[in-house]
Amino acid sequence: EDPSLERHFKGHRDAITSVDFSLNKKQLASGSMDSCLMIWSMRPQMRAYRFLGHKDAVMCVQFSPSGHLVASGSRDKTVRLWVPSVKGESTVFKAHTATVRSVHFSSDGQSLVTASDDKTVKVWTVHRQKFLFSLSQHINWVRCARFSPDGRLIVSASDDKTVKLWDKTSRECIHSFCEHGGFVNHVDFHPSGTCIAAAGTDNTVKVWDVRMNRLLQHYQGNAVVNSLSFHPSGNYLVSASNDSTLKILDLLEGRLLYTLHGHQGPATCVAFSRAGDLFASGGSDEQVMVWKTNFDAADYGDVLKTQKSGASVDRTHHTLQSEMDCGVHVKKTKTQDASRNQEQQEEEKTLTNTLEHIMGQLDVLTQTVSILEQRLTLTEDKLKECLENQQKIIQNKMS
């Protein structure tokens, strides 16, 4: 059946700029031009949290992989890290000298990459909350930056009409894709890490292979494309456009599957949940919508499994097309050969959950410590001020 509208969140007072699901799908974060970050509960009747802190429009939001932190970037030139709980406490990162348009965690949750109108891409450590380095070869605003799934590459998209691929270790630009007729609004890595998709003001979505640096697929729309998101299976891509539509592309077939109408006015942002069964969209109509994917679940469920269980497909000589075929091919043989022990899988799952939980707790601890450090600094400053005032008073009396 077709994708269907599941939930509908109202509460922002200006255009939505960004949406992201937490790992467990219990929460959805949204950023807006109203300077607020909101966390919506996916459970019915649960209240939403409105987080205040940014002094200007919130341009981007993202949950950390563990789901215990949320990063946001703003027109106030800062990046904030929030603990998505009742208190809504946050710490501030300052290094950009203009609007921050994009924030993205590496898949291990250790690094953060940000993109800004100051023409730079910056990389930070999450736990030490330290600025590490800048990538500065773009000659116009940088709208978006993303880590590759393995964290070794960074891709960035800019108003200089290029998409640049960077090596995180050497900090060098490996390649520039310059085939865009307009600004590049958004870019992201395919879950396999072998290709990227970019959305442009020239009404296109382009998919490039990052190993051969060649164009694989090109979709021509009839409106500016603002945002895109890959389905975790890697078989689908959803995009959000200025003509108010969301479009779902079938990458295996290389064709448009669905056009969804829900927003009044431009659809500004879109994101699949980490499991792929839902996606969220935001628009300049101040609304956040959650959609049920309703793809053939068997299809992508199995592909996901084979990808996770390390199905060894030789990926080096395939384009996107044949790589997908491999995924599906493995799926079939996998079903026949279901010799893998159920208990073993359960144990692995429990272990993974425990590890994820520990990582999450670490995130929160680090964040709490840095909030306390900030408070301490404030207290020290106040104390210094008091002492200085006291000195002045004493000097005045003596004179």
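Refer to the structure presented above.
Model, not experiment: these values are computed from the prediction.

A. Region of the structure containing the overall build of the protein chain. Assigned secondary structure in the protein chain consists of three helices and 28 strands. In the protein chain, which comprises 399 residues, the share counted as buried stands at 51%. For the protein chain, long-range pairs separated by at least 24 residues make up 47% of all intrachain contacts whose partners lie at least 6 apart in sequence. Split by element, the accessible area of the protein chain, about 19,000 Å² in all, is 51% carbon and sulfur.

B. How the structure looks around the pairing of strand β3 (residues 27–32). In terms of residue burial, β3 counts as a mostly covered element, since six of its six residues are buried. On β3, burial covers both faces: Q27, A29 and G31 on one face and L28, S30 and S32 on the other are all buried. Sheet topology note: the strand β2 (residues 16–21)/β3 ladder contains five bridges and is antiparallel. From the neighbouring strand, D20 faces β3, where its bridge partner is A29. Linking β2 back to β3 in an antiparallel pair, the connection comprises five residues, with K25 at a positive phi of about 65 degrees. The sheet contact formed by β3 and strand β4 (residues 37–41) spans five bridges and is antiparallel.

C. Spatial organisation of a negative patch on the surface. A surface patch of negative charge is lined by E380, D381, E385 and E388. Relative to the helices and strands, E380 is located in helix α3 (residues 342–398).

D. Region of the structure containing the sheet that holds strand β14 (residues 142–147). Across the sheet, which stays open at both edges, the four strands sit in the order β14-β15-β16-β17 with antiparallel pairing between neighbours. The open sheet has two edge strands with one neighbour each: β14 and β17 (172–177). Strand after strand, the sheet turns through a mean of 20 degrees between neighbouring axes, direction not considered. Bridge count between strand β15 (residues 153–158) and strand β16 (residues 163–167): five bridges; the pairing is antiparallel. Residue pairing for β16: S156 is matched across the bridge by K164.

E. Region of the structure containing the packing of aromatic side chains. Taken as a whole and judged by the stated rule, the model has eight aromatic pairs. Seen from their ring centres, F177 and W208 are 4.7 Å apart, and the 25 degrees between their planes marks the pair as stacked. Here F177 is found in strand β17, whereas its partner W208 is found in strand β20 (residues 204–209), with 31 residues between them in sequence. A relative accessible area of 0% means that W208 is categorised as buried. With 5.5 Å between their ring centres and 65 degrees between their planes, F272 and F279 make a pair best called edge-to-face. Of the two residues, F272 and F279, neither departs from the other in class, the shared state being buried. Through successive ring pairs, a cluster of aromatic residues spans Y49, F51 and W82.

F. Representation of the pairing of β20. The element β20 is largely enclosed, with a buried count of six among its six residues. Side chains of β20 alternate between two faces, with T204, K206 and W208 and V205, V207 and D209 buried alike. Two strands pair when backbone bridges link them, and strand β19 (residues 195–200) and β20 are joined in this way by five bridges, in the antiparallel orientation. What sits directly across from A199, in β20, is V205.

G. The arrangement of the nonpolar core in detail. In this structure, A71, V79, L81, F93, F105, L112 and V126 are the most contacted members of the largest nonpolar core, which totals 15 residues. Elements supplying a minimum of two residues to this core: β6 (58–63), β8 (78–82) and β10 (100–105). Per-element accounting of this core gives the leading share, three residues, to β10. Once residues lying within four places of it in the same chain are set aside, the contact partners of V126 are L69, L81, F105, G109, Q110, S111 and L112.

H. Quick peek at the pattern of salt bridges. A complete count under the given rule lists ten salt bridges for this structure. For R274, the salt bridge identified is with D20, shortest N-O distance 3.0 Å. Residue R274 is found in the loop between β26 (267–272) and β27 (278–283), and its partner D20 is found in strand β2; the two are separated by 254 residues along the sequence. The shortest N-O distance in the salt bridge between R152 and D150 comes to 3.2 Å. Here R152 falls in the exposed class, since its relative accessible area comes to 57%.

Definitions and limits used
- Residues numbered from 1 in each chain as written.
- Predicted model: local features only at pLDDT ≥ 70, side-chain atom pairs only at ≥ 80, totals over all residues.
- Heavy atoms only, no water.
- Helix = DSSP H or I, 4+ residues; strand = E, 2+ residues; numbered from the N terminus.
- Buried < 20%, exposed > 50% of the residue type's maximum accessible area, 1.4 Å probe, protein only.
- Contact = heavy atoms within 4.5 Å.
- Areas by Shrake-Rupley, 256 points an atom, 1.4 Å probe, with all protein chains shown as cover.
- Pairing = 2+ DSSP bridges.
- Patch = residues over 30% accessible without salt bridge, like charges linked within 9 Å, V, L, I, M, F, W, Y side chains within 5 Å.
- Salt bridge = Lys/Arg side-chain N within 4 Å of Asp/Glu carboxyl O.
- Lys, Arg positive; Asp, Glu negative; His and termini not counted.
- Charge placed at Lys NZ, Arg CZ, Asp CG, Glu CD.
- Axes fitted to C-alpha atoms, helices over the stretch in contact; angles between N-to-C directions.
- Phe/Tyr/Trp six-rings, centres within 6.5 Å; stacked < 30°, edge-to-face > 60°.
- Core = buried A, V, L, I, M, F, W, Y, C linked by side-chain atoms within 4.5 Å.

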